[in-house]
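Each chain is listed here by its residues.
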Amino acid sequence: LAGCVGAGRVDAWDIDAGKRKHAAGKRRELAGAAGVAKVLDDKPDGELYDRVLVDAPCSSAGVLRRHPSQRWTLQPSARWAKVQLEVLQEAAAFVKPGGWLVYATCS
């Protein structure tokens, strides 16, 4: 993603502080994004973006074949649908008019 930015920048934010810390460290360098990517400590406030990528939380059902024990920790899909809708609606508020919202989830 960072390689496609050109003259722009990539701002990243996650609700989980541990994931933000991980993304701000060596992972950013390994991805070749150290010069263009910034991991935000706080959720953007009022800023609008040309492009917004949502990596939405999922049920982890896609890993059952590799990790069969996950079946006992799966949560009902209705719960995930509600969370995903909330994330999608919140992310949409950060997209400039005419911008793109890309929504991705693993399962």
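Now for a description of the structure that goes with this document.

Parameters and conventions
Residues numbered from 1 in each chain as written. Predicted model: local features only at pLDDT ≥ 70, side-chain atom pairs only at ≥ 80, totals over all residues. Heavy atoms only, no water. Salt bridge = Lys/Arg side-chain N within 4 Å of Asp/Glu carboxyl O. Helix = DSSP H or I, 4+ residues; strand = E, 2+ residues; numbered from the N terminus. Buried < 20%, exposed > 50% of the residue type's maximum accessible area, 1.4 Å probe, protein only. Expected span 1.5 Å × (residues − 1). Arc of directions from axis to C-beta. Contact = heavy atoms within 4.5 Å. Phe/Tyr/Trp six-rings, centres within 6.5 Å; stacked < 30°, edge-to-face > 60°. Lys NZ or Arg CZ within 6 Å of the ring centre and 35° of its normal. Core = buried A, V, L, I, M, F, W, Y, C linked by side-chain atoms within 4.5 Å.

### Quick word on the pattern of salt bridges
Item 1. Applying the stated criterion to the full structure yields 3 salt bridges.
Item 2. Note that Glu 90 and Lys 43 form a salt bridge whose closest N and O atoms lie 2.4 Å from each other. One end of the pair, Glu 90, is in helix H3 (residues 77-92); the other, Lys 43, is in the loop between strand S2 (37-39) and strand S3 (49-55), with 47 residues separating them in the sequence.
Item 3. Classification of Lys 43 by relative accessible area gives partly exposed; the value is 36%.

### With respect to H3
Item 1. Over its 16 residues, H3 runs 22 Å from end to end, which matches the ideal 22 Å to within 8%, given 1.5 Å per residue.
Item 2. Taken together, the buried positions of H3 are occupied by Trp 80, Gln 84 and Ala 91. What you see down the axis of H3 is that its buried residues fit within an arc of 30°, all on one side. In H3, the exposed positions angled more than 90 degrees off the buried face are occupied by Ala 78, Lys 82 and Gln 89.
Item 3. Elements in contact with the buried residues of H3: S3 and strand S4 (95-104).

### Considering the environment of Trp 80
Item 1. As for its placement among the helices and strands, Trp 80 is situated in helix H3.
Item 2. A C-alpha to C-alpha distance of 7.5 Å links Trp 80 and Pro 57, two positions 23 residues apart in sequence.

### As for the packing of aromatic side chains
Within a pair of aromatic rings, the relevant descriptors are the distance that separates the centres and the angle that separates the planes.
Item 1. Applying the stated criterion across every chain yields a total of 0 aromatic pairs.
Item 2. The aromatic ring of Trp 100 is capped on one face by Arg 51, whose charged end is 4.0 Å from the ring centroid.

### Regarding the environment of Asp 42
Item 1. When you line up the elements, Asp 42 lands in the loop between S2 and S3.
Item 2. Asp 42 sits in the exposed class, given a relative accessible area of 59%.
Item 3. With 30 residues separating them in the primary sequence, Asp 42 and Ala 12 have C-alpha atoms 9.9 Å apart.

### Here we look at the nonpolar core
One recurring pattern in soluble globular proteins: nonpolar side chains tend to sit buried together.
Item 1. One finds Leu 40, Tyr 49, Val 52, Val 54, Ala 56, Ala 91, Phe 94 and Val 95 forming the largest nonpolar core, which totals 8 residues.
Item 2. When residues of this core are assigned to their parent elements, the largest contribution, 3 residues, is made by S3.
Item 3. Those residues in contact with Phe 94 that sit more than four places away from it in its chain are Lys 43, Pro 44, Glu 47, Leu 48, Tyr 49 and Val 52.

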